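Single-letter residue listing:
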Amino acid sequence: MTLPHPPDGVVDGSRHLYAVRVYYEDTDLSGITYHANYLRWFERARSDLLRRLGIDQRAAIESGGGAYAVSELSLKYLRPAKLDDDVLIDTRCIELRTASCRMHQKAFRIGGAGDELLAEAYLRVGFISPEGRPIRQPEEWRAAFARFGIHED
C-alpha cells in the first residue's frame, strides 16, 4: 500500500507555491472562509518554504538557538474563499536583513474561470533569541534566503 504524503509546496524561481483546500471546518456560518484561516495558511506556506530551503526550525528551537516570529503584519481581504475551493499560496521574500526578512504572500483561488486573488499579506519575520530579543539569523539561513531570491514588488 502506498501512503499519502502531507501537503507539500514547491519553489519556483523566487517564489514558493503551496496549495490548500477549503474544508467545512475552515468556514463560518455564512459559508465563507473564516478570516483567521488565511493566517494559518500563510504560516503553513512559510514553514514549508523554510523546510524547502533546508532550514531546520525545530533543531534551532530545541538547541536554544532561536526562532522566527512575525513582528509586523498587514493583511488585506479581497474576495471570499468558499467550501471546497482550491487555494494557492504564493510567498516571496521582498527584503532580507541581518535579523529579519520581509515577505509578501498572496492567496489565489485556482481553477474554474481562472485564478482570483483572495487575500494578500505583507509581513516582517524576525529571528529572536529564546528570551524574545532580536538576534542575527544564522548565516547559512540568510544564505539560503539569498539563494531563494529577493523579489522586488
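Residues numbered from 1 in each chain as written. Predicted model: local features only at pLDDT ≥ 70, side-chain atom pairs only at ≥ 80, totals over all residues. Heavy atoms only, no water.

Trainee: Would you take a moment to explain the packing of aromatic side chains for this structure?
Mentor: By convention here, two paired aromatic rings are described through the distance between centres and the angle between planes. Tallying each qualifying case throughout the model produces six aromatic pairs. Ring centres 5.2 Å apart and planes at 70° place the aromatic pair Tyr 68 and Phe 127 in the edge-to-face group. Taken together, the residues Tyr 68 in strand β3 (residues 67-77) and Phe 127 in strand β6 (residues 116-128) connect sequence positions 59 residues apart. Overall, the relative accessible area of 1% leaves Phe 127 in the buried class. (Phe/Tyr/Trp six-rings, centres within 6.5 Å; stacked < 30°, edge-to-face > 60°. Helix = DSSP H or I, 4+ residues; strand = E, 2+ residues; numbered from the N terminus. Buried < 20%, exposed > 50% of the residue type's maximum accessible area, 1.4 Å probe, protein only.)

Trainee: Help me understand helix α1 (residues 36-52), please; the structure alone is not making it clear to me.
Mentor: Think of an α-helix as turning once every 3.6 residues; residues three or four places apart then point the same way. For α1, with 17 residues, the first-to-last C-alpha span of 25 Å sits near the 24 Å given by 1.5 Å per residue. For α1, the full list of buried residues reads Ala 36, Asn 37, Tyr 38, Trp 41, Phe 42, Ala 45, Arg 46, Asp 48, Leu 49 and Leu 50. One or two residues past the end of α1 sits Gly 54, with phi positive at roughly 85°. (Expected span 1.5 Å × (residues − 1).)

Trainee: Just checking my understanding: could you explain the nonpolar core for this structure?
Mentor: Within soluble globular proteins, side chains that are nonpolar tend to cluster in buried spots. If you look at the biggest cluster of nonpolar residues, it comprises 30 residues, and the most contacted ones within it are Tyr 38, Ile 55, Tyr 68, Val 87, Ile 89 and Phe 145. Sorting the residues of this core by element identifies β2 (15-21), α1, β4 (86-96), β5 (100-110), β6 and α3 (139-148) as the ones contributing at least two each. The residues contacting Tyr 38, other than those within four sequence positions of it, are Thr 33, Tyr 77, Arg 79, Pro 80, Ala 81, Ala 107, Leu 118 and Ala 119. (Core = buried A, V, L, I, M, F, W, Y, C linked by side-chain atoms within 4.5 Å. Contact = heavy atoms within 4.5 Å.)

Trainee: It is not clear to me how the environment of Leu 29 should be interpreted in this structure. Could you clarify?
Mentor: Along the chain, the position of Leu 29 falls in the loop between β2 and α1. For Leu 29, a relative accessible area of 93% corresponds to the exposed category. For the pair Leu 29 and Arg 124, spaced 95 residues apart in sequence, the C-alpha separation works out to 32 Å.

Trainee: What exactly am I supposed to notice about α3 here?
Mentor: Of all the residues in α3, the buried ones are Trp 141, Ala 144, Phe 145 and Phe 148. Projected onto a plane normal to the axis of α3, the buried residues spread over an arc of 95° and lie on a single side. In α3, the exposed residues that point more than 90 degrees away from the buried face are Glu 139, Glu 140 and Arg 147. Once α3 finishes, Gly 149 follows within two positions and takes phi at roughly 110°, a positive value. (Arc of directions from axis to C-beta.)

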